[in-house]
Amino acid sequence: MSRLVQQLVNGTVLGATIGLIALGYTMVYGIIQLINFAHGEIFMIGSYAGLAAYTYVLPDSVTRNPWITLPAVLLAAGAASSAVAVLAERLAYRPLRNAPRLAPLITAIGVSIALQEAVRLFYPGAKRQLSFPRIISDRGFKVGDVAIPWTSVFAVVSAVVLMLALEAFVNRTRLGKAMRATSQDRETAKLMGIDTDKVIVLAFALGGALAGVAGVIQGIRFVSLDFHIGFVAGIKAFTAAVLGGIGNIRGAMLGGLVIGLVEALATEYIPQGGAWKDVWAFVVLILVLTLRPQGLLGEQVAVRA
Amino acid sequence: MLRGHRQSFRGAPPRLRAGRLGIALLAATVVLSACGSNKSETQKGADGNGSDKIVKIGVVAPLSGALTAIGVGIRNGADLAVKQANEAKKIKGWKIVLAPEDDTATPDVGANAATKLSDDKAVMAVIGTLNSSVAEKVAPILNNQHVVMVSPSNTNPSLTQGNDPAKKVRPFEYYFRVATTDAIQGPFAANFAYNTAGKRNVVVIHDKKTYGQGLALQFKGQFEKNGGKVPTVETVEPDDKDFSAVLSRVKRFNPDMIYFGGEYPAASLLTSQADQQGLTVPLMGGDGIFDKTYIDVAKQAGEGDYATSVGAPTDQLPTAKAFVDAYKAAGYADPYSAYGAYAYDAANSIIEALAKVLPDQSKIDDALRVKFRQAVQDGSLDGVTGKVAFDEFGDTTTRILTVYKVDGGAWKPQKTEEFK
């Protein structure tokens, strides 16, 4: 029993981070139907920005206090990722806004490679694996036989809080209303006086900030980072977004959770499951897409006239 | 509205677009010329005397990516040997130029690097690769072009002895290595774990790569033969970060040690996450985890972990002192790491052979390559890591290995022994 619970915990923690990255995919897709393949790199940049803030900006006297360091590092990562995401939108995607859909898609792959190489070449020491500071203790507590590190608690709590905040923003505020309107029909929204360009920038900024936070969470959990962490994370998060129903905020989170749990449980219960865990994650994806093509919670993209 | 947008895009002033293109091209040129100037600098550094003919030694190793720490050590070790040979005018009438290529520890990238190097007719030999999986792609390419390859670190047995251990056949005549194979390293680790460390119940995990899997299974075979128990063999993805699921799974077996076949990026995370789950038994691995980065990442969780590596500890060998001093004096930014000294020996075995066949030659042709290969095969020198000589399969005749243990934030040698 405790083994099952332990694996559920492992899966939930893994899923929470994937879900947090998936939110960015889903938001951008919901509004401009672009699969932003560079989103995994935005996540990676968050991780590096957090490390840079810790190493180069915060004085030693501060870094000893996690209550100041953690928010500062999260803020730096969120801001940097957000800025890079907005920059990518402005420079790479906006000029192609009305081009055939394949063009921005391929551009996104280009942006992804460019960002990865930029970090590799220009971040000091990034050519090798760097270690991330232990801002939160890597110890934890035990419930019966189930070990739960504090870093995992932090990962899950922050993912859930951020998802709820995002949902409240989209459903309760004026700007959120503008986002929903833009995602339903961009042309009409524009006719109604909504500055759709601003709304699109907002979607990139928010998605970027969430990915940046996810980057710090990953850094704290795994106390190391290298410049290609974005690729695997991006693929899994994209899968999560599709699984949950792309364009759907809760769907992204649920999709992440399902992938995390499938991986953990496959490792535990299927012989040699660890070797095949990615396969099982994609088997679930294929099953869901065959039986329910709109994803678990349904796609939320308006059919365009 | 949609049309209006499109028109405004199409209607952008042509000069503006041309201007943007211009900036992009300019940026590209700057980047390219920056790379170019780097290269010409290193060539100039090695040339010195303009009248000498040029022979090149390639290096294929990870110079970027997760395994950079070890790869850069290999390049620097080779670079040092080449510099010393040029200064001493080891080969009359010829200058040696080092041609390093980055393989990012990826087989396909390594294959491209090998193709590029073998297209260059001045390249007689290549030092590398770090990874056995990359060597599987690189060795056939170089072998076909009659370019000698000497690896400082490939440990998978199949590279020299073929896939069937019962019927040894050398697959690549032009492939040599100065590292001891996993057929020796794995059992060596198993003997240490059973006899010296007193472990009886060891969980084996590997990353499915040529190196990791080969090493892990060699360990398992010998450990079980010694009477130990291996309750399960688990696998992980080398690029994974989250190993909590697989660790939760192996906990049920109450192992007294984890043996990991793989490299330090995954191993360091594995040992930290094992600690977090309350699985505080030591982790043991091969030369792939024997790097300072492992300790930097794992910190406290790494204490008490073991690694085996080929040869005796570089900084304790009396023969290696000259190498360590010269390396320091040369002022390389990065440490020589696990394989710098082996790359240095590999380079010297090549240089010795070149010195035998090159001096009275006017140009490099295939007859010379055949002669050169034989010279490498027959060569023998006292290297900094021990005697450097090759058996009929291209394997080193030296079978010395060392067990290291993390103690107080550093790898400390525990036991050096010749494996029989």
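These figures come from a predicted structure and were not determined experimentally. In every chain, residue numbers begin from 1 and rise along the written sequence. To label them, take the chains in the order written and letter them from A, then take the ligands in the order written and number them from 1. Totals for whole chains, interfaces and linings use all residues, but because this is a predicted model, local features are given only for residues with pLDDT of at least 70 and pairs of side-chain atoms are given and counted only at 80 or more.

What follows deals with the interface of chain B and chain A. Of the residues lining the interface, 33 residues belong to chain B; the matching set on chain A comes to 32 residues. At the level of elements, helix H1 (2-10), helix H3 (68-87), strand S7 (233-235), helix H9 (244-251), helix H10 (264-276) and helix H11 (292-298) of chain B are the ones that each hand at least two residues to the side of chain B that touches chain A. Tallied by class, residues from the side of chain B that touches chain A come to 11 nonpolar, 12 polar and 10 charged. Our contact criterion uses C-beta atoms placed from the backbone: two residues qualify when those atoms are within 7 Å. Numbering of helices and strands runs from the N terminus, with a helix taken as a DSSP run of H or I at least four residues long and a strand as a DSSP run of E at least two residues long. Residues are grouped as follows: Ala, Val, Leu, Ile, Met, Phe, Trp, Tyr, Cys and Pro are nonpolar; Asp, Glu, Lys and Arg are charged; all remaining types, including Gly, are polar.

Moving on to the sheet that holds strand S2 (residues 94-102) of chain B. Residues and elements named next belong to chain B. Reading across the sheet, the five strands line up as S2-S1-S3-S4-S5 and stay open at both edges, with parallel pairing between neighbours. Only two strands of the sheet have a single partner each, and these edge strands are S2 and strand S5 (175-177). Direction aside, the axes of adjacent strands within the sheet are offset by 25° on average. Two elements, strand S1 (residues 53-61) and strand S3 (residues 123-128), share five bridges in a ladder whose sense is parallel. Within S3, the residue paired with Lys 56 across the bridge is Val 123. Axis definition: a line fit to C-alpha positions, over the contact stretch in the case of helices; interaxial angles, taken between N-to-C directions, run 0 to 180 degrees. Against the sheet, helix H5 (residues 132-144) contacts S1, S3, strand S4 (148-151) and S5, and its axis sits at roughly 155° relative to S4. Against the sheet, helix H13 (residues 340-357) contacts S1, S2, S3 and S4, and its axis sits at roughly 160° relative to S3. Pairing between strands is defined by DSSP: at least two bridges between them are needed.

A word on the nonpolar core. Residues and elements named next belong to chain B. The biggest cluster of nonpolar side chains holds 214 residues, and the ones touching the most others in it are Ile 57, Ala 78, Val 148, Met 149, Ala 347 and Ile 350. Where each domain begins and ends is defined by an automated method or by a domain database. Both domains that meet at this core, namely domain 1 (50-180 + 315-389) and domain 2 (183-310 + 403-418), each give it at least three residues. Each residue touching Ile 350, except ones within four places of it in the same chain, is listed here: Ile 57, Ala 125, Val 148, Val 150 and Val 376. The term nonpolar core refers to a set of buried Ala, Val, Leu, Ile, Met, Phe, Trp, Tyr and Cys residues connected through C-beta atoms within 7 Å. We call a residue exposed when 12 or fewer other C-beta atoms sit within 10 Å of its C-beta, buried when the count reaches 20 or more, and partly exposed for counts in between; the C-beta positions come from the backbone.

Okay, the packing of helix H6 (residues 150-172) of chain A against helix H7 (residues 174-184) of chain A next. The angle between the axes and the distance between the axes are what describe a pair of packed helices. Residues and elements named next belong to chain A. At a minimum axis distance of 5 Å, the contact between H6 and H7 shows a crossing angle of 80°. By the criterion of interaxial angle, the relationship of H6 to H7 is roughly perpendicular. Between H6 and H7, the contacting residues are Phe 169, Val 170, Asn 171 and Arg 172 on the first element and Gly 176, Met 179 and Arg 180 on the second. In terms of residue class, the contact of H6 with H7 is made up of three nonpolar, two polar and two charged. For this classification, under 35 degrees means roughly parallel, over 145 means roughly antiparallel, 65 to 115 means roughly perpendicular, and everything else is oblique.

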